[in-house]
Every structure is written in structure tokens, then in C-alpha cells.
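# Observations on the model geometry
The primary structure of each chain is shown beneath.
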Amino acid sequence: MSATTPLLRIVVLGASGATGQHLVDGALARGHEVHAIVRDAARYSHSTSARLTVHTGVVHDAASIAAAITPASIVLSGLGLRSKKQAGTLTAGARAVLAARPHHVVWLGAIGTGRSATAVGRLTHRLLKAGFGAEYDDKTTADCLILDAQHTVIHSGPLNDRPAPHYEALPLSSVRRRFFPAFTPRQAVAQVMLDEAEKGPHSASLLVPQKTDRTH
């Protein structure tokens, strides 16, 4: 975190997941106050810090999500589904977060779905829609709720755990259409989500992580 970046109250939804862990670690490394929402706080052991508070929260219980969020909070969602049977989880999460009225939300989605469908080839889009099944509509609905509430959605390609060179988040309109979306490191996704959290003022944005030549 630079000397000009204010200390933020970061709330990480889905903090125990692979991307959520990078969000927690990245926010702590930048010096922010971090509140991690997990299904069972007693079993969370990924990270310890005096600036980290762990909350038990379930997206289908909006009150448990709201308990971790204040009007000053910036919510970063690494929420994902472990199986297609959990379809509806993303929409429930988006509604619960928005009901708590945080300062801003940076939500993780998938490129080629919903409003970024034109960023991939038509065949790829059909394959994504068929492959996701009911999860596709869940993703699309959650994204629309976040964008329509004037918050930020990051649409990434398939995630992997490779080392992350520098990435930046570009508007969907600036991204070249690809037949199949590029793989993106989870660490890079967390980096661009944190970058967006630290920017202001915020507005509705659909952004895509893109690798750059710039290094830090």
C-alpha cells in the first residue's frame, strides 16, 4: 500500500476458497483491516494477523453476512460453487451483500458469461452455458445485481495457480475478443480486485484482468 492509499476496511466473502485466500493475504500485505467471512470461523486457520477478524457467515442467512459489513466496508467476493447443486449461492450472496449496503463491492465473475458473452467466440459461449448449466444463470443474475447497484464486477478467464506477472483491470470494451478466454492466475485476480478496492470514486464497471509489461 502506498503512502497515499488510505487504510480500508476490506471484507472478503468466500475467504476460505482458493481465490479468497489470496484476497485475504493481499489485503493484509497492503496494510488494510480485513474481515474474512467463512462458513465456520472456528475452523479457519489460513492466516493470522492482528488486523484480521474472521466471521461465520452463510449467504442464505443475510443477517450473518450483514454482521461483518459496515457502511465503510469494501466487499471483495471470491465466492464460488463447489458443485452445480449449489446453484443459487452466488445470487443469494449478491443479495445479502447489497442488503448490508457496503461502501463498494468488487465481485468476481467469469468472462464469456452474461454481459461479457461477446468477449468469446459463439461456440465457446454455447459451451460455457451448457457446461455451467444452472450455474450460468446464477452467475449472470449475481453479476447483474452487483452492476445495477453501481458496483464493480471482474470477469476473469479460467483460474489457475501459476505465478502472477503484473495484471491490470481493463474495461470490457478495451479487451480483444478471443475464441477461448485466457487462463488467469488467482493471485493476479486478487491483485486487480484489491487495486479496484483502493481506487475511488467507484462506479458500475465490468472489468477484465489483462497481463501488462509493467512490473513493480
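So, here is what we can say about the structure in this document. Small disclaimer: the values here were computed from a predicted structure and weren't measured. (Residues numbered from 1 in each chain as written. Predicted model: local features only at pLDDT ≥ 70, side-chain atom pairs only at ≥ 80, totals over all residues. Heavy atoms only, no water.)

### Observations regarding the pairing of strand E6 (residues 152–156)
In terms of burial, E6 is a largely internal element, five of the five residues being buried. The alternating pattern of E6 places Thr152, Ile154 and Ser156 on one face and Val153 and His155 on the opposite face, and all of these are buried. Alignment of strand E5 (residues 104–110) against E6, held across five bridges, turns out to be parallel. Note on E6: the bridge partner recorded for Trp107 is Val153. In this structure, E6 lies alongside strand E10 (residues 205–211), joined through three bridges in parallel fashion. The residue of E10 that forms the bridge with Thr152 is Ser205. (Buried < 20%, exposed > 50% of the residue type's maximum accessible area, 1.4 Å probe, protein only. Helix = DSSP H or I, 4+ residues; strand = E, 2+ residues; numbered from the N terminus. Pairing = 2+ DSSP bridges.)

### Brief notes about the pattern of salt bridges
Summed over all chains, the structure comprises seven salt bridges. Note that Arg30 is salt-bridged to Asp195, the shortest N-O span being 2.9 Å. One end of the pair, Arg30, is in the loop between helix H1 (18–29) and strand E2 (33–38); the other, Asp195, is in helix H6 (residues 186–198), with 165 residues separating them in the sequence. Put simply, Glu196 and Lys199 hold a salt bridge, and the shortest N to O gap is 3.0 Å. One connected set of salt bridges, linked through shared partners, spans Arg30, Asp195 and Glu198. (Salt bridge = Lys/Arg side-chain N within 4 Å of Asp/Glu carboxyl O.)

### Some remarks on the environment of Phe180
Examined against the element boundaries, Phe180 turns out to sit in the loop between strand E8 (167–171) and strand E9 (184–185). Its relative accessible area of 40% is what places Phe180 among the partly exposed residues. Sequence-distant contacts of Phe180, that is, excluding residues within four places in its chain, are made with Thr124 and Pro158. (Contact = heavy atoms within 4.5 Å.)

### Here we look at the packing of helix H3 (residues 89–99) against helix H5 (residues 134–148)
Where H3 meets H5, the axes come as close as 7 Å, and the angle between the chain directions of the two elements is 15°. The angle between the axes of H3 and H5 places the two elements in the roughly parallel class. Relative to H5, the crossing made by H3 is left-handed. Contacts between H3 and H5 involve Thr89, Leu90, Thr91, Ala94, Arg95 and Leu98 on the former and, on the latter, Asp138, Lys139, Thr141, Ala142, Leu145 and Ile146. Split by residue class, the contact of H3 with H5 holds six nonpolar, three polar and three charged. (Axes fitted to C-alpha atoms, helices over the stretch in contact; angles between N-to-C directions. Parallel < 35°, antiparallel > 145°, perpendicular 65-115°, else oblique. Left-handed = near helix turned anticlockwise from the far one by under 90°. Nonpolar A, V, L, I, M, F, W, Y, C, P; charged D, E, K, R; others polar.)

### Here we look at the pairing of E10
Taken residue by residue, a regular strand's side chains alternate between the two faces of the sheet. Burial analysis of E10 places five of its seven residues in the buried class, which makes it a mostly covered element. Here E8 pairs with E10 via five bridges, running antiparallel. Residue pairing in the sheet places Leu170 in a bridge with Val208 of E10.

### Focus: the packing of H1 against H6
Two elements in contact, H1 and H6, have axes whose closest approach is 9 Å; the angle formed by their N-to-C orientations is 50°. The orientation of H1 relative to H6 falls into the category oblique. For H1 against H6, the interelement crossing comes out right-handed. On the side of H1, the interface is formed by Ala18, Thr19, His22, Leu23, Gly26 and Ala27, while H6 contributes Arg186, Gln187, Val189, Ala190, Met193 and Leu194. Grouping the amino acids of the contact of H1 with H6 by side-chain chemistry returns seven nonpolar, four polar and one charged.

### Considering the side chain of Asp143
Looking at the element boundaries, Asp143 is found in helix H5. For Asp143, which is buried and forms no salt bridge, the nearest opposite charge comes from Lys139, at a distance of 7.4 Å. (Lys, Arg positive; Asp, Glu negative; His and termini not counted.)

### Side note on the sheet that holds E6
A sheet is described by the order of its strands in space; here eight strands give the open sequence E3-E2-E1-E4-E5-E6-E10-E8, paired in mixed fashion. The outermost strands of the open sheet, each flanked by one partner alone, are strand E3 (52–56) and E8. Each adjacent strand pair in this sheet contributes to an overall mean axis angle of 25°, direction not counted. Note that E2 and E3 share five bridges and pair parallel.

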